[in-house]
Amino acid sequence: MKEEVLVFGGGISGLATAWNLHKAGIPFKLIEKQTETGGVISSEIVQNTVLDFGPNSLRDRDGSIRKLAEEVGLKDEIIQISEAFKTRFIVRNRKLQALTPSPKTLFTSKVISGKGKLRALAEPFISKGTSNDESVGAFLERRIGKEAVAYLVDPVFSGIYAGDIYQISKKEILPQFAENEQKFGSLMMGALRTKKKKSEIKPMVLSFKKGIQQLPEAISGKLSDQILNEEVTGVRKKGNGFEVETSEGKYEAAKVISCLPAHSLSSVLRGFDPLLSETLRSIDYAPMLSTQVVFNKDDIELPQSGFGFLIPRKENIRLLGAIWKSSIFPELSSSTSSHFTLMIGGAHDREILMDDIQQIEQQILGEFTELMNTSAKPEVVKSKLWRKAIPQFHVGYESDRQKMDEAEEANPGFYIGGNYRWGVSVPDCVKAAEKLVQKLS
Ligand SMILES: Cc1cc2nc3c(=O)[nH]c(=O)nc-3n(C[C@H](O)[C@H](O)[C@H](O)COP(=O)(O)OP(=O)(O)OC[C@H]3O[C@@H](n4cnc5c(N)ncnc54)[C@H](O)[C@@H]3O)c2cc1C
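Residues numbered from 1 in each chain as written. Predicted model: local features only at pLDDT ≥ 70, side-chain atom pairs only at ≥ 80, totals over all residues.

A. Just the environment of T336, in detail. Inspection of the secondary structure puts T336 in the loop between α13 (325-328) and β17 (337-345). Taking C-alpha positions, T336 is 6.2 Å from N296, a pair spaced 40 residues apart along the chain. Those residues in contact with T336 that sit more than four places away from it in its chain are N296 and K297. (Helix = DSSP H or I, 4+ residues; strand = E, 2+ residues; numbered from the N terminus. Contact = placed C-beta atoms within 7 Å.)

Below, the structure is given as C-alpha cells:
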C-alpha cells in the first residue's frame, strides 16, 4: 500500500500532526503500537474521581489547546483551573512555606533567608557571564545565588521537568534569560526592559471533565480509519520516498513524520541513519512515578487552597512534590474526597526503576502525610511508573538538534517531531505539530 504521509506514534505529538494533515486534506496513516492512543497522557476514573497519571494540567498560553479541543468536539468539556493555583508551597525545614503571585512574596516568604534574599536582589549588580552554554544551575547560581537556586529553582525543575539543574542546558530551557543576561547584563533589567507581547487570547490553565486523556481520545475518535495499531520497526529509502516496515508488514510513503520517543526512533533508524540513531539513543530520559492518592475529605485539611507543594532536593525527602488536585480542579474529584497527585523519581532518583513500587508508595505516603499533618490512611492508592518519562535537554543539546536538522536536510520528506524536538509540554507538542505540517505542505 502506498500512502502520501505516514505518521509514527500516536501520542499527542503524532495525533496533533495527524489532525493537521487531515485539516489540510493530505492523505495519511498514523502507526501506533499500543491499542490506546495518547502516549504518556493517561486518565482513569476511580470512585468518581479522575486520576491523571501523566499530565495534570495544560497551560494554554495562546489558545492552541482550546482551538484543537473545539475542532474535535470538546469545547464544552474544558474545565478551567481554580484561582487556588496561583498559590504554591515550597518545603523548607519540613514545613510548607507559601509563595503567592504578588512580588511582595519575595520579601515576606520564609522560603529563603534574609541573606539569601539580599543575594538574589543583588542580581543587577553581578557582572555578565559567558554566552556559552552552561547548566541552568551554574547560570542561576551566578546570577541569584546558591540559596535561591536550591530553594526556588531546583524544586521547580525536579518537580516539573524531573530534571537535574546541574545537567540541563540554559540555552534550551531558559533561552530568554540567557539572552537577557548578554543584552542587558542582568535578568531583572531584562525583565523590566523587555516588553511582553500582548496576546489577544487570554492564557488559561485547563483540563477536561474526564481528564486530559479526553483530548487524544477525541482526536483518535475522529481519525480512527487512518490509525493502524502496529509497531514501526524500520525505515529505508525507496525511489523518491520511503519503505516502512512494521510488526504487520510493509508500507510505502512519499513522506514520513516521526513522533516517536527518541529511543524508539533510534531503534527504527539503525539501518537507515546509524549516526542519527546513535545521537537519538544518547538523549537522556528521566523516569517518573505518578502516585494518585484519594482520602476521605474529612480526614485531611489543606493549610489553605493552593496548587500544591514542591520539595527542594536539599530537604532529603524522596517525594518531589504533590499537586492538590481537588483544590485546583474540584470538578474532577467526588464531593466526599480529597485527591492528590504525588510525584517521585526524576534524574535524581533513578532507583525508582529498581525499587519495589509498593515500598516506594509506603515511603512517600509517610512523607506526604507528615507534611500534611495527618495520620489518615488514603482510600485509594494507584501508581503508574513511566520508565522514560521526560527527555532531558542537557548542556550541549544544541549539537543533537543540529544533527536532527542535518538528517532532515539529507533526506527530503523525512521529518522529526515529538517532545524532545521542540519542547515537552502538551501545548508545545500541539504547536510543534501545526508548524511541522505547515513546513511539509
Ligand atoms: C508524569 C508526567 C507528567 C507530565 N505533566 C505534564 C503537565 O502537567 N503538563 C504538560 O503540558 N505536560 C506534561 N508532561 C509532558 C507531556 O505529557 C509529554 O511531553 C507529551 O505528552 C509527550 O507526547 P509525545 O506524543 O511527544 O510522546 P509520547 O506521549 O511518548 O508518545 C509517543 C507514542 O509513540 C508510540 N510508539 C513508541 N514506539 C513506537 C513504535 N516503534 N511504533 C509505533 N508507535 C510507537 C508510543 O506507544 C506512544 O503512544 C508530563 C509528562 C509525564 C510523563
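B. Spatial organisation of the nonpolar core. The biggest cluster of nonpolar side chains holds 114 residues, and the ones touching the most others in it are L6, V7, V256, L342 and I344. No other element matches the 7 residues that helix α17 (residues 426-440) contributes to this core. When we break this core down by domain, the ones giving at least three residues each are domain 1 (2-39 + 213-283 + 393-440) and domain 2 (101-193). (Core = buried A, V, L, I, M, F, W, Y, C linked by C-beta atoms within 7 Å. Buried ≥ 20, exposed ≤ 12 C-beta atoms within 10 Å, placed from the backbone. Domains from an automatic or database assignment.)

C. Quick peek at the domain arrangement of the chain. According to the domain assignment, the chain consists of domain 1 (2-39 + 213-283 + 393-440) and domain 2 (101-193). Here domain 1 and domain 2 have C-alpha centroids that lie 35 Å from each other. Taken residue by residue, the interface counts 6 residues in domain 1 and 9 residues in domain 2. In terms of residue class, the side of domain 1 that touches domain 2 is built from 3 nonpolar, 2 polar and 1 charged. (Nonpolar A, V, L, I, M, F, W, Y, C, P; charged D, E, K, R; others polar.)

D. Spatial organisation of the site of the ligand. Taken together, 38 residues sit near the ligand, with G9, G11, S13, G39 and P55 positioned nearest. Looking at the shell around the ligand, the elements that each hand over two or more residues are α1 (12-24), α11 (262-268), β14 (285-296), β18 (380-391) and α17. Grouping the constituent residues of the shell around the ligand by class yields 20 nonpolar, 15 polar and 3 charged. (Near = placed C-beta within 6 Å.)

E. Main features of the packing of α1 against helix α10 (residues 214-222). Packing of α1 against α10 brings their axes to within 10 Å, and their N-to-C directions diverge by 40 degrees. Here α10 runs oblique to α1, going by the angle between their axes. As for the relative orientation of α1 and α10, their crossing is left-handed in sense. Contacts between α1 and α10 involve I12, L15 and W19 from the former and P216, I219 and S220 from the latter. Partitioning the contact of α1 with α10 into residue classes produces 5 nonpolar, 1 polar and no charged. (Axes fitted to C-alpha atoms, helices over the stretch in contact; angles between N-to-C directions. Parallel < 35°, antiparallel > 145°, perpendicular 65-115°, else oblique. Left-handed = near helix turned anticlockwise from the far one by under 90°.)

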